[in-house]
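# Report on the structure
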Amino acid sequence: MLFHSTRGKDSGKDFASILMQGLADDGGLFMPDHWPQADIDEIKSKSSFVEIAKCIVPLFTASSFSYDETISIVESTWHDFEHQDLINIKEFDSVSILELFHGPTAAFKDFGLQLAAAFFNKVLESENKTAIVLGATSGDTGPAAIDACKSYSRIKSFIMLPNGNMSDVQRRQMSTIQASNVFALRVNGTFDDCQDLVKLAFTKRDFLKTDQYLLAINSINWTRIIGQICYYFYAYNKLQKIENLNFSIPTGNFGNVFACYSAHKMGLPISKISVAVNNNDILHRFFCNNDYSKQLVHETISPSMDISVASNFERLVYDFFLDRDSAKCADMFDHFPNNPIELDSEMWRKKDYLFDSSKVNDLDTAKMIQEIYQSNGYILDPHTAVAAVEAFKTSDASNHYVVLSTAHPAKFPQVYEELGIEINSLPLALRGLFEKKESLYNVEADYSEIINFINLNN
Ligand SMILES: *Cc1c(COP(=O)(O)O)cnc(C)c1O
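Below or above, wherever it landed, is the structure these notes cover. All figures in this text were calculated on a predicted structure; none of them were measured in a lab.

## A closer look at the layout of surface pockets
In this structure, the second largest pocket occupies an estimated 340 Å³ of space. As for the second largest pocket, its lining consists of 18 residues, and the residues nearest its centre are F101, H408, P409, I423 and S425. For the lining of the second largest pocket, the per-class residue count stands at 8 nonpolar, 6 polar and 4 charged.

## Re the environment of F30
Relative to the helices and strands, F30 resides in strand 2 (residues 30-32). Look at F30 and you get buried, because its relative accessible area is 1%. Considered as a pair, F30 and A118 are 88 residues apart in the sequence and their alpha carbons are 19 Å apart. Ignoring sequence-local partners within four residues, the contact set of F30 consists of F3, H4, S5, D10, K13, I18, Q21, G22, L23, A24, W222 and R315.

## Focus on the sheet that holds strand 7 (residues 182-188)
A sheet is described by the order of its strands in space; here 5 strands give the open sequence 8-5-6-7-13, paired in parallel fashion. Among the strands making up the open sheet, the edge pair consists of strand 8 (212-215) and strand 13 (441-444). Direction aside, neighbouring strands of the sheet carry axes that sit 25° apart on average. Where strand 6 (residues 155-162) lies against strand 7, 6 bridges are found, and the strand directions are parallel. Pairing of M160 across the sheet is with L185, part of strand 7. The sheet contacts of helix 6 (residues 109-127) involve strand 5 (130-136), strand 6 and strand 8, and relative to strand 8 the element is tilted by about 170°. Along the sheet, helix 19 (residues 447-457) contacts strand 5, strand 6, strand 7 and strand 13; its crossing angle with strand 13, the most-contacted strand, is approximately 145°.

## Describing the pattern of salt bridges
Tallied over the entire structure, the rule returns 22 salt bridges. The partner of D281 in a salt bridge is K359, with the nearest N and O atoms 3.0 Å apart. A residue pair is termed long-range when its members are at least 10 positions apart, and D281 in the loop between strand 10 (273-277) and helix 12 (282-289) and K359 in strand 11 (residues 355-359) qualify at 78 residues. The class of D281 is buried, set by a relative accessible area of 12%. The exposure class of K359 is partly exposed, given its relative accessible area of 39%.

## Concerning the site of the ligand
Looking at the ligand, there are 15 residues lining it, with K109, D140, G252, N253 and T406 nearest. Considering the ligand on its own, with 380 Å² of exposed area, one finds that the protein chains cover 97% of that surface. For the shell around the ligand, a count of residues per class yields 5 nonpolar, 8 polar and 2 charged.

## Some remarks on the packing of aromatic side chains
Taken as a whole and assessed by the stated rule, the structure comprises 38 aromatic pairs. Taken together, a centroid distance of 6.1 Å and an interplanar angle of 50° make the contact between F183 and Y441 tilted. Here F183, found in strand 7, pairs with Y441, found in strand 13; they are 258 residues apart in sequence, far enough to count as distant. Here Y441 falls in the partly exposed class, since its relative accessible area comes to 33%. Between Y261 and F320, the aromatic rings sit 5.7 Å apart at their centres with planes inclined by 85°, giving edge-to-face as the arrangement. Of this pair, Y261 sits in helix 11 (residues 255-265) while F320 sits in helix 13 (residues 313-321); the two residues are 59 residues apart in sequence, bridging distant segments of the chain.

## Regarding helix 3 (residues 49-56)
Judged by how many residues are buried, helix 3 sits mostly within the fold: 6 of 8 residues are covered. Among the residues of helix 3, F49, I52, A53, K54, C55 and I56 are the ones counted as buried. On its buried face, helix 3 is in contact with helix 2 (40-45), helix 4 (58-61), helix 5 (67-77), helix 6 and helix 10 (222-238).

## With respect to the environment of P382
Looking at where P382 falls in the secondary structure, it is placed in helix 17 (residues 382-394). For the pair formed by P382 and F120, sequence separation is 262 residues and the distance between their alpha carbons is 32 Å. Not counting chain neighbours up to four residues away, the residues in contact with P382 comprise I301, S302, T365, I369, F412, V415 and Y416.

## A few points about the nonpolar core
Core analysis: the biggest nonpolar cluster contains 114 residues, and F233 and F247 have the highest contact counts within it. By residue number, the principal contributor to this core is helix 10, which donates 11 residues. What F233 contacts, discounting residues up to four positions off in sequence, is A38, I40, I43, I52, I56, A263, M266 and L268. Counting residues in hydrophobic clusters, the runner-up holds 25 residues, among them F92, I369, I372 and V415.

Rules used in this analysis
- Residues numbered from 1 in each chain as written.
- Predicted model: local features only at pLDDT ≥ 70, side-chain atom pairs only at ≥ 80, totals over all residues.
- Heavy atoms only, no water.
- 1 Å grid on protein atoms, 1.4 Å probe; cavity = no way out; pocket = protein on both sides within 12 Å on 5 of 7 lines; lining within 4 Å.
- Points joined across faces, edges and corners; volume = space filled by probe spheres on them.
- Nonpolar A, V, L, I, M, F, W, Y, C, P; charged D, E, K, R; others polar.
- Helix = DSSP H or I, 4+ residues; strand = E, 2+ residues; numbered from the N terminus.
- Buried < 20%, exposed > 50% of the residue type's maximum accessible area, 1.4 Å probe, protein only.
- Contact = heavy atoms within 4.5 Å.
- Pairing = 2+ DSSP bridges.
- Axes fitted to C-alpha atoms, helices over the stretch in contact; angles between N-to-C directions.
- Salt bridge = Lys/Arg side-chain N within 4 Å of Asp/Glu carboxyl O.
- Near = heavy atom within 4 Å.
- Areas by Shrake-Rupley, 256 points an atom, 1.4 Å probe, with all protein chains shown as cover.
- Phe/Tyr/Trp six-rings, centres within 6.5 Å; stacked < 30°, edge-to-face > 60°.
- Core = buried A, V, L, I, M, F, W, Y, C linked by side-chain atoms within 4.5 Å.

So, in structure tokens, the structure goes:
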């Protein structure tokens, strides 16, 4: 199995190459050359998350790693989870909440990033090289990336966060890690400034030592998607008595939705994928009105979904709507966001058989949290609550919904203070965070200042 870009000009790459490269040379996103088929009967018979992952991950890695190598990585990848099988499922009548937040940073991003980091390290060891991880974060990616990489001495992580606009918990998760290969940089600017600086660094690469990789940890990295595909099969395994499975997914960059779609293409039986967004509604506008156009970012109480464009959406356009026509895909995305994307209407209609979307504002998100708390004593995180609205509204005895619960509510304490809800049990991941010493390096949104900092610490 090899990989190629959605825009067609970067192809024939093996797994290790696309792992280390991140974005394709032509600006597109890497895709597998075909959809491998999962052995559904085998998956039904497995009894743990890791056993299921062992059926999925090797389907993508064979071009670079032997089956045994992959299995041994998968067996040792996921660590520091607070649940014996990594994931817990909370059952309501026709809704199941798939709790993906029991990892060391209390958000689902641990699944993808721990897998990517384990493979990064494997490649670095076998080539005897080192790497710099450089990323921008506005929320949960940074903590998960730092945590996933901190124990690998060949990797140094430099994560930029914007000044403000992030929960204190999320910031402290990055600034309180005392590891000599981890640096949290607070940039005097916005998240977009941080992202622009990262992009510039990836084009210039002028600070790297010889034999040093520059690694991308954003959700366009295919290995993160592989880690996430596994938990859709896990949900199926646990809920296999149920006939019609629908997934409702709180969505930002579309990584989680694309992982669900991938699982479907690999043979997972699914009725509908419901794409749930907050006021940042570019995806909802697309699924309702065939309008994919960039607008300004709105701040919401579900900040990890506050995006203006959804990077992984290009993969869906390429695979699902354009039937893998890379020339058409390049034409659309080379000119986006200057030219908004509108599909040929017949092509766009294809969404009806697999996708739904919903948009939930802050007020209704808060109402959902209150309702479930009052009726069941269960506390939804704000992102999960966005997706729960559609699930509780639409599900019934013959239409079961699985809601992806992407973060632990304790990451967003100010939301619950305002609602008068007390969070009694803090996950291990977040305990003592406010007693620890913070080390944050304050920098201007200036390329040379940041590069100087990296050079001094590289
Ligand atoms: C990152 C994140 C999301 C959005 O996931 P995408 O894969 O980018 O769509 C949703 N909820 C939480 C808590 C997140 O951290």
